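Reading the structure
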Amino acid sequence: MLKTGIKGKEIVIVDETNTAKTMGSGTLNVFATPAMTALMEKTAWKSVAGELEEGSGTVGIRLDITHDAPTPLGMKVTCESVLTSIDGRKLTFEVEAWNERGKIGSGVHERFIIDNKKFQEKADHK
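What follows is about the overall build of the protein. Regarding its fold elements, the protein presents three helices and five strands. Starting at the N terminus and walking to the C terminus, you meet the elements of the protein as β-α-α-β-β-β-β-α. The 126 residues of the protein split such that 35% are buried. Relative to all contacts within the protein whose residues are 6 or more apart in sequence, the contacts with residues 24 or more apart total 64%. Carbon together with sulfur atoms contributes 50% to the accessible area of the protein, which is approximately 7500 Å² in total.

As a further point, take the pairing of strand S3 (residues 76–87). Examined bridge by bridge, strand S1 (residues 7–13) and S3 share seven bridges and lie antiparallel to one another. In the sheet register, Gly8 faces S3, and the bridge partner there is Ser81. Pairing analysis gives nine bridges linking S3 to strand S4 (residues 90–99), with the strands arranged antiparallel. Paired with Ile86 across the two strands is Leu91, which belongs to S4. Between S3 and the antiparallel strand that follows it, S4, lie two residues; Gly88 among them carries a positive phi value of about 65°.

Looking at the secondary structure, you find Thr71 in the loop between strand S2 (56–67) and S3. A relative accessible area of 0% means that Thr71 is categorised as buried. Within the structure, Thr71 has its side chain in polar contact with the side chain of Asn99 (distance 3.0 Å). Residues within four places of Thr71 in sequence aside, it is in contact with Val14, Val30, Phe31, Val77, Asn99 and Ile104.

Another aspect to go through is the environment of Val95. Relative to the helices and strands, Val95 is located in strand S4. Assessed through its relative accessible area of 1%, Val95 is described here as buried. Residues Val95 and Asp64 lie 31 residues apart in sequence; the distance between their C-alpha atoms is 9.7 Å. If near-sequence neighbours (up to four positions away) are discounted, Val95 is found in contact with Met40, Ile65, Glu80, Ser81, Gly105, Ser106, Gly107, Val108 and His109.

Turning our attention to the sheet that holds S2. Judged by pairing direction, the sheet is antiparallel, and its five strands sit side by side in the order S1-S3-S4-S5-S2 without closing on themselves. For this open sheet the edge positions go to S1 and S2, each flanked by a neighbour on one side alone. Taking each pair of neighbouring strands and ignoring which way they run, the sheet shows an average axis angle of 25°. Strand contacts of helix H3 (residues 116–124): S2 and strand S5 (102–115), with the helix running at about 90° to S5, the strand carrying the most contacts.

Membership of the largest hydrophobic core comes to 22 residues, with the highest contact counts inside it found for Leu2, Phe31, Val48, Val77, Leu83, Leu91 and Phe93. Ranked by residue count, the leading element in this core is helix H2 (residues 33–49), at six residues. The residues touching Phe93, leaving out its near neighbours within four places in the chain, are Ala44, Ser47, Val48, Ser81, Val82, Leu83, Thr84, Gly107, Val108, His109 and Arg111.

Below, the discussion takes up H2. Here H2 is 17 residues long and its end C-alpha atoms lie 24 Å apart, about the 24 Å a rise of 1.5 Å per residue gives. The complete set of buried residues in H2 reads Ala35, Met36, Thr37, Leu39, Met40, Thr43, Ala44, Ser47 and Val48.

What counts as what
Residues numbered from 1 in each chain as written. Predicted model: local features only at pLDDT ≥ 70, side-chain atom pairs only at ≥ 80, totals over all residues. Heavy atoms only, no water. Helix = DSSP H or I, 4+ residues; strand = E, 2+ residues; numbered from the N terminus. Buried < 20%, exposed > 50% of the residue type's maximum accessible area, 1.4 Å probe, protein only. Contact = heavy atoms within 4.5 Å. Areas by Shrake-Rupley, 256 points an atom, 1.4 Å probe, with all protein chains shown as cover. Pairing = 2+ DSSP bridges. Polar contact = N/O pair within 3.5 Å; in protein donor to acceptor, adjacent residues only side chain to side chain. Axes fitted to C-alpha atoms, helices over the stretch in contact; angles between N-to-C directions. Core = buried A, V, L, I, M, F, W, Y, C linked by side-chain atoms within 4.5 Å. Expected span 1.5 Å × (residues − 1).

Spelled out as structure tokens, the structure:
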């Protein structure tokens, strides 16, 4: 059952696959903003996935974040999410990410509850 306060936590290690240089968001071997964004989305959706009806999922509809500090290769990044609001099928999360030295990013992420099959069929017919 969905209720505010549900928390999520995910951890990644910065490696060659998630750097700005590899992901095309810059030229440096540091944790990429797109990788942090993906980690924030993953943390949020996974936190509520087990509370949804069979056949339902969520899709991201809004992400307002800051990426405040770099993280080098080999360092661990931890992301946490908290479900702060439920408005019909719209879910709002606070998200934060840290490396081993401190906070590197934070913000608000919104997701929408969808019927997986109908959503995929609609996408496939475009």
